[in-house]
Amino acid sequence: MSKTDSISRRAFLKQTVAFSALAAIQPRAVFGQLPSPAPDRNAAHMLMIGDWGTDKYLEQQVATANGMKSYVDVRQVHPESLFLLGDNWYGTLSDDSPRWQSQFEQMYPKSHFPGPAYAVLGNHDYEYKIGNKVEMQLGYAKRHEGTRWYMPSRWYTFTWPQAKPIVTFICLDSNLPGTKSDPWPWSFTMKREHRDQQDEWFKQELAKPRTTPFVAVVAHHPLFSNGIHKDNHVLIERWDELLRDAKVDFYITGHDHDLQHLEFAGHPTSFVVSGGGGAELVDWTTDPKKRGPWGSKVLGFTHFEAKDDAIIIRHLDQNAKELHSFRRHVGGAVEVLTPFAG
């Protein structure tokens, strides 16, 4: 990176603190003048949760899962898949643990979520004191025929939906070495050689000609967050310029135990955090009113609705109440929507 590029990067990092997202999107949308439409039955649907496989707050995971099932029933949304955004398993896990059934297969049943459950790795999945949960998750589908669990590698890509792809998902392992306080001392991270291999693969994937209207990068750790973990400068340094150059539409994560939507002036990417799947809630380090447009410290999940010309993302609480939504069009225009109340 040149000296000029370095100065530019530092200026952007300062901008992320100084700028509200309100400068990045249309004023008419900022003030909520656009109604949020009811879920379109002709669209493709996916529900997303992060930080869900709790060992201490099971009642919160149950409440959020029940909210997801209620949302499917009441709104007549038929998700083609789930996305599990990391911290899939807190605490002790084994290959034959009953938790696989009670906290995944039965918690999110085929009756409501029949499609694949795509998963990425979080820092709690890397807890080293209680067995290698990374390898357990990578091998689970091979050991259990018919499961919806899908994690073929630490990093992978796929197009979705299968019949007529609208989104290319690039799934990454964000547990990179070199961060001082995150992951925590009781976690290990990927090796440096694996980090470099993933970065090279990531660059190659982004360089490929687009075959879908939208591209979304999914990992566990946010680049930018108003939550307790703050901005991740290791990831910003390695990945932010790649997102910008490739004009990636979405960067979707968990990690902070809340729901967030961040936009930055001049940045082509919408940043989405969905970490309300069941773990304990934590406080803000930056008020979402100052850097947003939105965030809420609440248990909940995210609805990803896709059509050829636009994606609608809805954040919902554990009772399936819509809290915030926005529409992103092909070309990058973003409209903040008022919650659907019908």
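Residues numbered from 1 in each chain as written. Predicted model: local features only at pLDDT ≥ 70, side-chain atom pairs only at ≥ 80, totals over all residues. Heavy atoms only, no water.

A. Main features of the pairing of strand E7 (residues 167-171). Most of E7 is tucked away, with five of its five residues classed as buried. Residues Val167, Phe169 and Cys171 point to one face of E7 and Thr168 and Ile170 to the other, with burial holding for every one of them. One ladder, built from five bridges, connects strand E6 (residues 156-160) with E7; its direction is antiparallel. In the strand pairing of E7, Trp160 is matched with Val167. Between E6 and E7, which follow one another and run antiparallel, lie six residues. (Buried < 20%, exposed > 50% of the residue type's maximum accessible area, 1.4 Å probe, protein only. Helix = DSSP H or I, 4+ residues; strand = E, 2+ residues; numbered from the N terminus. Pairing = 2+ DSSP bridges.)

B. A look at the packing of aromatic side chains. Inspection of the entire model under this criterion finds 29 aromatic pairs. Between Phe214 and Phe250, the ring centres sit 6.5 Å apart and the planes meet at 45 degrees, which makes this aromatic pair tilted. Within this pair, whereas Phe214 is found in strand E8 (residues 214-218), its partner Phe250 is found in strand E9 (residues 250-253), the two being separated by 36 residues in sequence. Exposure remark for Phe214: the relative accessible area of 0% places this residue in the buried category. Aromatic ring contacts, followed pair by pair, group Phe83, Tyr118, Tyr150, Tyr156, Phe158, Trp160, Phe169, Phe214, Phe250, Phe304 and Phe326 into a single cluster. For Arg148, the ring lying beneath its charged end belongs to Phe104, and the centroid distance is 5.4 Å. Lying over the aromatic face of Phe250, Arg328 brings its terminal NZ or CZ to 5.8 Å of the ring centre. (Phe/Tyr/Trp six-rings, centres within 6.5 Å; stacked < 30°, edge-to-face > 60°. Lys NZ or Arg CZ within 6 Å of the ring centre and 35° of its normal.)

C. Looking closely at the side chain of Thr212. Mapped onto the secondary structure, Thr212 falls in the loop between helix H6 (192-207) and E8. Note on Thr212: relative accessible area 6%, which makes it buried. Polar side-chain contacts of Thr212 include one of 2.7 Å to the side chain of Thr168. One polar contact links the side chain of Thr212 to the main-chain carbonyl oxygen of Phe214, over a distance of 2.8 Å. For Thr212, the residues in contact, after removing those within four places along its chain, are Thr159, Pro165, Ile166, Val167 and Thr168. (Polar contact = N/O pair within 3.5 Å; in protein donor to acceptor, adjacent residues only side chain to side chain. Contact = heavy atoms within 4.5 Å.)

D. Seen up close, unusual backbone geometry. With an omega of -5 degrees, the peptide bond between Trp160 and Pro161 qualifies as cis. Relative to the helices and strands, Pro161 is located in the loop between E6 and E7. Phi angles above zero are rare outside glycine, and Asp87 is one such case at about 50 degrees. Inspection of the secondary structure puts Asp87 in the loop between strand E3 (81-84) and helix H4 (99-105). A relative accessible area of 1% places Asp87 in the buried class.

E. Layout of the nonpolar core. One finds Tyr108, Trp149, Phe202, Leu223, Trp239 and Tyr251 to be the most contacted residues of the largest nonpolar core, which totals 53 residues. Tyr118, Phe214, Ile252 and Phe326 belong to the second largest nonpolar core, which has 26 residues in total. (Core = buried A, V, L, I, M, F, W, Y, C linked by side-chain atoms within 4.5 Å.)

F. Quick look at the sheet that holds E3. Read from one edge to the other, the open sheet built from nine strands follows the order E1-E16-E15-E14-E13-E2-E3-E4-E5, with strand pairing classed as mixed. At either margin of the open sheet sits one strand with a lone partner, and together these are strand E1 (34-35) and strand E5 (149-150). With four bridges joining them, strand E2 (residues 44-49) and E3 adopt parallel strand pairing. Paired with Leu47 across the bridge in E3 is Leu82. Against the sheet, helix H3 (residues 58-75) contacts E2, E3, strand E13 (300-307) and strand E14 (310-317), and its axis sits at roughly 35 degrees relative to E13. (Axes fitted to C-alpha atoms, helices over the stretch in contact; angles between N-to-C directions.)

G. Representation of the confidence of the model for the chain. Of the residues in the chain, 87% reach a pLDDT of 70 or more, and the chain-wide mean stands at 89. Of the regions scoring below 50 in pLDDT, residues 1-8 engages in four contacts with residues more than four places distant in sequence or in other chains. Below pLDDT 50 for its whole length, residues 11-33 participates in 42 contacts with residues either more than four positions away or in separate chains. (pLDDT = per-residue confidence, 0-100.)

H. Here's a closer look at the pattern of salt bridges. Applying the stated criterion across every chain, the model contains 18 salt bridges. Of the charged contacts in the structure, one is a salt bridge between Glu335 and Arg327, with a shortest N-O distance of 2.7 Å. For the pair Glu335 and Arg327, a shared accessibility class is recorded, and that class is buried. Here the salt bridges do not stand alone but share partners, grouping Arg195, Asp196, Asp199 and Arg238 into one network. (Salt bridge = Lys/Arg side-chain N within 4 Å of Asp/Glu carboxyl O.)

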